[in-house]
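Listed below, chain by chain, are the residues.
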Amino acid sequence: MSKSALEQSVNYIREHMSLAPEIGLILGSGLGDFADGLPDRVAISTADIPNYPVSTVEGHKGKLVFAILNEKPILAFQGRTHFYESRNLETVLYPIRVANALGIKTLAVTNAAGGINRTLNAGDLMILTDHINLTLEPWSPQRPASDKAVGGTVYSMNLIRKAEEAASANGISVKKGVYVGLKGPTYETAAEVEMLARIGADAVGMSTVFEASLASSMGMEVLGISCITNLATGIGTSKLSHAEVTEVGNRVKKVFAKLVSATIDRI
Ligand code: HPA
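Residues numbered from 1 in each chain as written. Predicted model: local features only at pLDDT ≥ 70, side-chain atom pairs only at ≥ 80, totals over all residues. Heavy atoms only, no water.

### With respect to the overall build of the chain
Within the chain one finds seven helices and nine strands. In the chain, which comprises 267 residues, the share counted as buried stands at 52%. In the chain, 25 side chains carry a positive charge and 26 a negative one; their mean positions are 2 Å apart. (Helix = DSSP H or I, 4+ residues; strand = E, 2+ residues; numbered from the N terminus. Buried < 20%, exposed > 50% of the residue type's maximum accessible area, 1.4 Å probe, protein only. Lys, Arg positive; Asp, Glu negative; His and termini not counted. Charge placed at Lys NZ, Arg CZ, Asp CG, Glu CD.)

This is the structure in structure tokens:
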């Protein structure tokens, strides 16, 4: 994506919103409603933003929602696009580039994920300590050389600690673990899940790894939170469906909102 395309997007956003957000929130499957509950929010539809990629997955609303949460200006990205929709990495990374251009310094990336570690249950929230990028997707050649430093430590220890403190202060139980990102869009086979368990993954999903890596390489402090919407294939007994993922997301969204808001309070 050329610089001028990004500039056009950012100029449009700035013309419609004077608030300068400090904290960004990427809302995953089933967690998009969080933004609808934000006080005094101002939403911009991504369809109105020049050059902003469109989301097609059921349950994803494409909006940038600005609000002040616990006295901090935030921007929630509602309706992320997955790699399997466009097969274009720049499309997936676009919100991160927008966040960076708007001056966001802290980014919380959330997702729906399947539990692999047998201590995880559907409805659990898991703070990401690290991830494994198993998309086997090379970084896009259009990426500027400044993105090259991707890798190393992606998730901020400081934010992990703050999220844990926020959870315990509010009686929310959270787990911690390693997220593995696959390309999807099919769910994994039981044999694949067994492999993922052996390479050290606690939960599996189809997003986050690209966005979190880029944000971190751009100098943002990154927090990752998974909502365990189901047990991965072969771990649980039920057949996986997008409906189940959305249903569990709905069930835990209040707790999720509390955790995010209490964490932001500590930033
Ligand atoms: N696998 C991959 N992605 C997912 C899952 C899963 O079990 N649940 C939610 N997103």
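Picking up after the structure, the text goes on.
### Structural notes on helix α6 (residues 209-217)
Here α6 lies mainly inside the structure; eight of its nine residues are buried. Among the residues trailing α6, glycine 219 stands out with phi positive, at a value near 95°.

### Focus: the environment of serine 18
Within the fold, serine 18 resides in the loop between α1 (3-16) and β1 (23-27). Taking the C-alpha atoms as reference points, serine 18 and phenylalanine 66, 48 residues apart in sequence, are found 9.8 Å from one another.

### Re the environment of serine 217
Mapped onto the elements of the fold, serine 217 is located in helix α6. Here the alpha-carbon distance between serine 217 and threonine 153, two residues 64 residues apart in the chain, equals 9.3 Å. A distance of 2.9 Å separates a polar atom in the side chain of serine 217 from the backbone oxygen of leucine 214. (Polar contact = N/O pair within 3.5 Å; in protein donor to acceptor, adjacent residues only side chain to side chain.)

### Some details on helix α3 (residues 89-101)
Spanning 13 residues, α3 covers 18 Å between terminal C-alpha atoms, matching the ideal 18 Å at 1.5 Å per step. In the structure, α3 departs most strongly from a straight axis at proline 95, where the bend amounts to approximately 35°. The buried fraction of α3 is high, at eleven of 13 residues. A distance of 2.8 Å separates the backbone nitrogen of glutamate 90 from a side-chain oxygen at the start of α3, and that oxygen is part of asparagine 88. Note on α3: the residue one or two positions beyond its end, glycine 103, has a positive phi of about 90°. (Expected span 1.5 Å × (residues − 1). Bend = angle between axes of the 7 residues up to and from the residue.)

### A few points about the packing of aromatic side chains
Inspection of the entire model under this criterion finds three aromatic pairs. With centroids separated by 5.6 Å and ring planes inclined at 85°, the aromatic side chains of tyrosine 52 and tyrosine 94 adopt a geometry described as edge-to-face. Of the two residues, tyrosine 52 sits in the loop between β2 (42-45) and β3 (63-69) while tyrosine 94 sits in helix α3, which places them 42 residues apart along the sequence. Residues tyrosine 52 and tyrosine 94 agree in their burial class; the two are buried. (Phe/Tyr/Trp six-rings, centres within 6.5 Å; stacked < 30°, edge-to-face > 60°.)

### Let's talk about the side chain of glutamine 78
Mapped onto the secondary structure, glutamine 78 falls in strand β4 (residues 72-78). A distance of 3.3 Å separates the side chain of glutamine 78 from the side chain of aspartate 36, its partner in a polar contact.

### Description of unusual backbone geometry
In this structure, the amide linkage connecting glycine 184 to the following residue, proline 185, adopts the cis form with an omega of 0°. By secondary structure assignment, the location of proline 185 is in the loop between β7 (174-181) and α5 (190-198). One non-glycine residue with positive phi stands out, namely glutamate 71, at about 70°. Relative to the helices and strands, glutamate 71 is located in the loop between β3 and β4. Here the phi dihedral of leucine 136 falls at roughly 60°; this positive angle occurs in a residue that is not glycine.

None of the figures reported here should be taken as evidence of function without further support.
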